Amino acid sequence: MSAEREWRSRAACRGVDGEIFFPTATEGPTYEAQVAVAKAVCVRCPVRAECLDEALVRIPYGIAGGLTPEERRGRGRPVAQETTAVVEAGLRAGAHRGER
Ligand code: SF4
């Protein structure tokens with residue numbers, strides 16, 4: 001494994017349903033909730049900086065590096081911190097949709 005790719009092995013999203021990083025909604029409360037679920041994974045990721053570096057260069061879609069595509073382009077409004085905190089609490093309780 002190249003050093004450039006090694007960080008992926010430490011990603012918090014390994015083993016998580018990748019679909020959570022691609023919201024099905026495009027706006028509104030459902031979108032914000034879906035984004036918060038993904039961000040709750042990213043916020044505890046030890047390689048978020050490395051992921052964001054790559055995402056800023058070559059990942060146009062989905063949540064990556066803890067940011068939405070709009071945020072990565074510097075145009076977005078971050079999802080409310082309290083929303084992320086609530087979802088993260090749910091994830092800790094084993095309530096996210098990636099766990100079956
Ligand atoms: S920052 Fe998010 S999308 Fe990037 S590797 Fe970490 S958990 Fe995955």
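Quick note: structure is the one above.
Residues numbered from 1 in each chain as written. Predicted model: local features only at pLDDT ≥ 70, side-chain atom pairs only at ≥ 80, totals over all residues.

Turning next to the overall build of the protein. For the protein, the count of helices and strands is five helices and zero strands. What you see in the protein, going N to C, is helices and strands ordered as α-α-α-α-α. A burial count over the protein gives 23% of its 100 residues as buried. When contacts within the protein are restricted to residue pairs at least 6 apart in sequence, those whose partners lie at least 24 apart make up 60%. (Helix = DSSP H or I, 4+ residues; strand = E, 2+ residues; numbered from the N terminus. Buried ≥ 20, exposed ≤ 12 C-beta atoms within 10 Å, placed from the backbone. Contact = placed C-beta atoms within 7 Å.)

In the vicinity of the ligand there are 13 residues, among which Ala11, Cys13, Cys42, Cys45 and Cys51 approach most closely. Residue assignment for the shell around the ligand shows that the elements contributing at least two residues are helix H2 (28-42) and helix H3 (48-58). For the shell around the ligand, a count of residues per class yields 10 nonpolar, two polar and one charged. (Near = placed C-beta within 6 Å. Nonpolar A, V, L, I, M, F, W, Y, C, P; charged D, E, K, R; others polar.)

Purely spatial values, then, with no claim about function.
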